[in-house]
Amino acid sequence: MRHSNFTAMAAMAAVLMMSGCTTSGVDTTKTTAIQSAAKDTETSDLAQGKAQFRDANYGLAEKHFRKAVELKADNAEAWMGLAASYDELGRFDFADRAYGQLLKVAGRKPQIVNNMGYSQLLRGNRKKAKALLLEAKAGMADPTVVNANLALLNKG
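(A) Up close: helix H8 (residues 144–155). Here H8 contains 12 residues, and its C-alpha end-to-end distance of 16 Å stays within 8% of the 16 Å for a straight helix at 1.5 Å per residue. Taken together, the buried positions of H8 are Val146, Asn149, Leu150 and Leu153. Considered in projection along H8, the buried side chains sweep an arc of 100 degrees and stay on one side of the axis. Close packing links the buried residues of H8 with helix H6 (110–123) and helix H7 (126–139).

Take a look at the structure:
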């Protein structure tokens, strides 16, 4: 008698479990208007990196730019921000790596060469800084920023 009660209860539990596993009530409407979370995060980290850099919070800027390049390795703007953040933190070894990646992603553009020159200026490598800044100046339509960096170089 006990055995038949157990069997009946087990059968009832199985029926209840099976009835809870239906998928007929699932909404299968496509939501193509929603952007992927990775894109939003990448954009957010890039924007946060820029904001933190403007506010001279270079450690936080580095964190956000690093996240942005981890999400999208061909993001030249994020690589530029990451390299500049490392420069401001005095982490020139990491800055060199970031500039290397930036050159692979974007090519040898005058704005990039200008930043590389400024990086050398921060390190005290005046000869290398001057060569890079003059290279950048030759390729820029508006050399205002490069001229300011050359003025800093000539000051010191």
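(B) Fine view of unusual backbone geometry. Phi angles above zero are rare outside glycine, and Ala56 is one such case at about 65 degrees. Structurally, the position occupied by Ala56 is in the loop between helix H2 (37–54) and helix H3 (58–71). Accessibility expressed as a relative area gives 42% for Ala56, which makes it partly exposed.

(C) View of the pattern of salt bridges. Scanning all chains against the criterion turns up 6 salt bridges. Among the salt bridges present, the one from Arg66 reaches Glu62, with a minimum N-O distance of 2.6 Å. Taken as a pair, Arg66 and Glu62 lie in helix H3 at a separation of 4 residues, close to a single helical turn. In this structure Arg66 comes out as partly exposed when scored by relative accessible area, which is 31%. The partner of Arg91 in a salt bridge is Asp93, with the nearest N and O atoms 3.1 Å apart. The exposure class of Asp93 is partly exposed, given its relative accessible area of 39%.

(D) The packing of aromatic side chains, seen in detail. As enumerated under the stated definition, the model contains 2 aromatic pairs in all. Look at Phe53 and Tyr58: their rings are 5.0 Å apart centre to centre, the planes differ by 70 degrees, and that puts the pair in the edge-to-face class. Arranged with centres 5.3 Å apart and planes meeting at 40 degrees, the rings of Tyr86 and Phe94 form a pair that is tilted. You can call Phe94 partly exposed: its relative accessible area is 26%.

(E) Molecular detail of the nonpolar core. Among the nonpolar cores identified, the biggest contains 26 residues, and Trp79, Leu82, Ala98, Tyr99 and Val146 are the most heavily contacted of them. Listed by contribution, the elements that provide at least two residues to this core are H3, helix H4 (76–89), helix H5 (92–106), H6, H7 and H8. Apart from residues lying up to four places away in sequence, Trp79 is in contact with Val69, Ala73, Ala98, Gln101, Leu102 and Val105.

(F) Expanded view of the side chain of Asn75. Looking at where Asn75 falls in the secondary structure, it is placed in the loop between H3 and H4. Only 3.2 Å separates the side chain of Asn75 from the backbone nitrogen of Glu77, close enough to count as a polar contact. Among the polar contacts made by the side chain of Asn75, one reaches the main-chain amide nitrogen of Ala78 at a distance of 3.0 Å.

(G) The packing of H4 against H5, seen in detail. Direction vectors running N to C along H4 and H5 enclose 160 degrees, while the axes themselves pass 8 Å from each other. What the angle tells us is that H4 and H5 run roughly antiparallel. Note that H4 runs across H5; the crossing there is left-handed. Every residue of H5 that contacts H4 at Ala76, Trp79, Met80, Leu82, Ala83, Ala84, Tyr86 and Asp87 is listed here: Phe92, Phe94, Ala95, Ala98, Tyr99, Gln101, Leu102, Val105 and Ala106. Residue composition of the contact of H4 with H5, by class: 15 nonpolar, 1 polar and 1 charged.

Rules used throughout
- Per chain, residue numbering runs from 1 following the sequence as it is written.
- In keeping with the predicted nature of the model, local features appear solely for residues at pLDDT of at least 70, side-chain atom pairs appear and are counted solely at 80 or more, and the whole-chain, interface and lining totals rest on all residues.
- Only hydrogens and water are removed before side-chain values are computed, so all heavy atoms of the structure are retained for them.
- Think of it this way: any DSSP run of H or I at least four residues long counts as a helix, any run of E at least two long counts as a strand, and we number them from the N terminus.
- To estimate the expected span of a helix, subtract one from its residue number and multiply by 1.5 Å.
- Relative accessible area decides the class of each residue, using a 1.4 Å probe on protein chains only: under 20% of the type maximum gives buried, over 50% gives exposed, and in between gives partly exposed.
- The directions considered for the arc run from the helix axis to the C-beta atoms.
- In what follows, residue pairs with any heavy atoms lying within 4.5 Å of each other are defined as contacts.
- Here, a salt bridge means any side-chain nitrogen of Lys or Arg that lies within 4 Å of a carboxyl oxygen of Asp or Glu.
- Think of it this way: a Phe, Tyr or Trp ring, Trp meaning its six-membered ring, pairs with another when their centres are within 6.5 Å, and the plane angle makes it stacked under 30 degrees, edge-to-face over 60, tilted otherwise.
- Side-chain atoms within 4.5 Å link the members of a nonpolar core, which is a set of buried Ala, Val, Leu, Ile, Met, Phe, Trp, Tyr and Cys residues.
- Pairs of N or O atoms within 3.5 Å make up the polar contacts considered here, provided that, within protein, one atom can donate a hydrogen while the other can accept it, and that residues adjacent in sequence are counted only when both atoms are side-chain atoms.
- Each axis is a line fitted through C-alpha atoms, taken for helices only over the stretch in contact, and angles between the N-to-C directions span 0 to 180 degrees.
- To sort the angles, those under 35 degrees are grouped as roughly parallel, those over 145 as roughly antiparallel, those from 65 to 115 as roughly perpendicular, and the leftovers as oblique.
- When the near helix sits turned anticlockwise from the far one by under a right angle, the crossing is termed left-handed; a clockwise turn instead gives a right-handed crossing.
- Under this grouping Gly is polar, as are all residues other than the nonpolar Ala, Val, Leu, Ile, Met, Phe, Trp, Tyr, Cys and Pro and the charged Asp, Glu, Lys and Arg.

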